[in-house]
Amino acid sequence: MDERARLDGAAEASCGLAQGGGQGEKAASAAGEPAGTKRPCVLVGVTGCIAAYKACEVVRGLQKAGVRAKVVMTEHATEFVRPTTFRALTHEPVAVGLFDEPGDPIHHVSLAQECDAFVIAPCTANVVAKLACGLADDLLTTTALATTAPLVVAPAMNVHMHENAATQENLRVLAARGVTLVEVEEGYLACGDVGKGRLADVDAIVAAALRAAGVRRDLEGRHVLVTAGPTEEPLDPVRCLTNRSSGKTGYAIARAAVRRGARATLVSGPVALEAPEGVQVVRVRTACDMLAAAEEAFPQADIAVFCAAVADMRPERVAPRKLKKGRDDDALASVRLVPNPDVLATCAARKRSGQVVVGFAAETDDVVESARAKLASKHADLVVANDVSDGRAFGSDDNEVWFVTADDVRAVPRLSKDRLADEVLDAALKARG
Ligand code: PMT
């Protein structure tokens, strides 16, 4: 069996977002996402409590972490927040009644199977009690009983209801069963009482839900800089020298960094991609602009990934008006090119201790050897080498690469660029030691 074929199986088994073991892939295709993205899915249960509006922030927090959020509500919850609000936030149908989904007679089972974690926030004393007893008399509680995904419960209620021995006993039963409880907070309650009963901090609920869904947050507190896309080097006001980089790889890396908890700055050449949620995007056109933007962000970066296909050369002169056949034949026939600065090499030369620099190498032959040379000459800690002969890698949704470090070469089989992004970040963390 060839080396790549052997690795194919290994990567399928080891890679990325199958974390949580739920049915994210089914969820991804249902949402019309590209195959292989496998976004984890968290089901948010909302019950009838004044804190129901905070479930909107829970949904947003999950989405910012790259998670697909779906919502199921109790009838009482709809008295506080309309399903329309959650539908608008999630772009998903919002389930309330057991028989609301005519096309799906066993809706609670589909919801239960689809999610990688089920977080009920806020969870009233009544629903805590139902969960403890295994009662299933509406869609939310039926789904809770039917799911095998981890359950996270964030209670919210009046202080006396919370202190009540029955509630305390029910919470103990849930904890003993492995349910993650996100403890109520102390403070001013909507009923006017002061004490323990407030819904926990939204960030704490989101963090618990992400942990339960198996979403990695190993880049929390880190800053990741990514360069992506091509550069455009103008020849005249309408023509330029560029290449076919789509930006897909760099954008996927920035997205993955944010999903894993990092702050991300994406210095992007001209591409047709939307700014990823939660990523600071600095749009540039030329190599010189890209250098300026990268130099500004680089000192704060813990990991810098130079994925952009920067034009090595630019026309020495930019004509102030469109060069015309006939009139400007001489200028067109002898366009003189001058070298562009090397964004990666310039930044890496100023690398401070603890920073990791990742370069890419686009090669058509001697892929690994050339990458090794670039690793040394550009002072990178890791070079991701790809074979771009026949235009491969540019614009595609997947790629196969080699990770080249000073003492190792690892072939990574063909993966979607989203999954490859996680592999690149893992390798960068490893290269840091
Ligand atoms: O954007 P996609 O469509 O997803 O395509 C992905 C990709 C093919 C662009 C990507 O996988 C890739 O290979 N990017 C690097 C392309 C490239 O310019 O390779 P290079 O071997 O010419 O350059 C080596 C490294 O030096 C790269 O990290 C590059 O960003 C950097 N460089 C190069 C020239 C220059 N003037 N400044 C630089 O920083």
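Residues numbered from 1 in each chain as written. Predicted model: local features only at pLDDT ≥ 70, side-chain atom pairs only at ≥ 80, totals over all residues. Heavy atoms only, no water.

Draft legend 1. Representation of the nonpolar core within the structure. Ranked by internal contacts, the top residues of the largest apolar core, which has 39 residues, are Val-42, Val-46, Leu-62, Met-73, Phe-86 and Ile-205. When residues of this core are traced back to their parent elements, those giving at least two are strand S1 (41-46), helix H3 (54-64), strand S2 (68-73), strand S3 (117-123), strand S4 (151-155) and helix H10 (202-212). Per-element accounting of this core gives the leading share, seven residues, to H10. Sequence-distant contacts of Val-46, defined by excluding residues within four places in its chain, comprise Ala-52, Ala-55, Val-71, Val-72, Met-73, Thr-74, Ala-77, Phe-86, Ala-121, Pro-122 and Leu-140. Ala-228, Tyr-251, Phe-360 and Ala-427 belong to the second-largest nonpolar core, a separate cluster that totals 33 residues. (Core = buried A, V, L, I, M, F, W, Y, C linked by side-chain atoms within 4.5 Å. Buried < 20%, exposed > 50% of the residue type's maximum accessible area, 1.4 Å probe, protein only. Helix = DSSP H or I, 4+ residues; strand = E, 2+ residues; numbered from the N terminus. Contact = heavy atoms within 4.5 Å.)

Draft legend 2. Here's a closer look at the sheet that holds strand S8 (residues 223-228). Taking strand neighbours across the sheet as the criterion, the eight strands line up as S12-S11-S8-S13-S16-S17-S18-S19 in an open arrangement whose pairing is mixed. The strands lining the two open edges of the sheet, one partner per strand, are strand S12 (279-283) and strand S19 (408-416). Adjacent strand axes in the sheet meet at a mean angle of 20 degrees, parallel and antiparallel pairs treated alike. Relative to strand S11 (residues 263-268), S8 runs parallel, the two being bridged by six bridges. From the neighbouring strand, Ala-228 faces S11, where its bridge partner is Ser-268. Lying over the sheet, helix H15 (residues 367-377) contacts strand S16 (356-363), strand S17 (382-387), strand S18 (398-405) and S19, oriented at roughly 150 degrees with respect to S17. (Pairing = 2+ DSSP bridges. Axes fitted to C-alpha atoms, helices over the stretch in contact; angles between N-to-C directions.)

Draft legend 3. Looking closely at the confidence of the model for the protein chain. Across the protein chain, the average pLDDT comes to 90, with 90% of residues at or above 70. Low pLDDT, under 50, characterises residues 1-36; the stretch is placed with 56 contacts to residues that sit more than four places away or in other chains. (pLDDT = per-residue confidence, 0-100.)

Draft legend 4. Local environment of the pattern of salt bridges. Across all of its chains, the model carries 30 salt bridges by this definition. A salt bridge links Asp-381 to Lys-351, with the nearest nitrogen and oxygen atoms 2.9 Å apart. Remark: Lys-351 occurs in the loop between helix H14 (343-348) and S16 and Asp-381 occurs in the loop between H15 and S17; sequence separation between them is 30 residues. Ionic contacts of the salt-bridge type, sharing partners, join the residues Arg-216, Asp-218, Arg-259, Arg-260, Asp-422 and Asp-426 into one network. (Salt bridge = Lys/Arg side-chain N within 4 Å of Asp/Glu carboxyl O.)

Draft legend 5. Examining unusual backbone geometry more closely. Look at the link from Ala-121 to Pro-122: it is a cis peptide, with omega at -5 degrees. Structurally, the position occupied by Pro-122 is in strand S3. The residue His-91 is not glycine, and still its phi comes out positive at about 60 degrees. Within the secondary structure, His-91 sits in the loop between helix H4 (83-90) and helix H5 (107-114). Phi is positive for Asp-390, which is not a glycine, with a value near 60 degrees. One can find Asp-390 in the loop between S17 and S18. Using a relative accessible area of 76% as the deciding quantity, one classes Asp-390 as exposed.

Draft legend 6. Inspection of the sheet that holds S3 at higher detail. Sheet architecture is open: five strands sit in the order S2-S1-S3-S4-S5, paired in parallel fashion. Only two strands of the sheet have a single neighbouring strand rather than two, namely S2 and strand S5 (180-181). As judged from the four bridges shared by S1 and S3, these two strands associate in the parallel manner. By the bridge assignment for S3, Val-42 is matched with Ala-117. In the packing of H5 onto the sheet, contacts are made with S1 and S2, and the angle to S2 comes to roughly 145 degrees. Along the sheet face, helix H6 (residues 125-133) touches S3 and S4 and points at about 140 degrees away from the line of S3.

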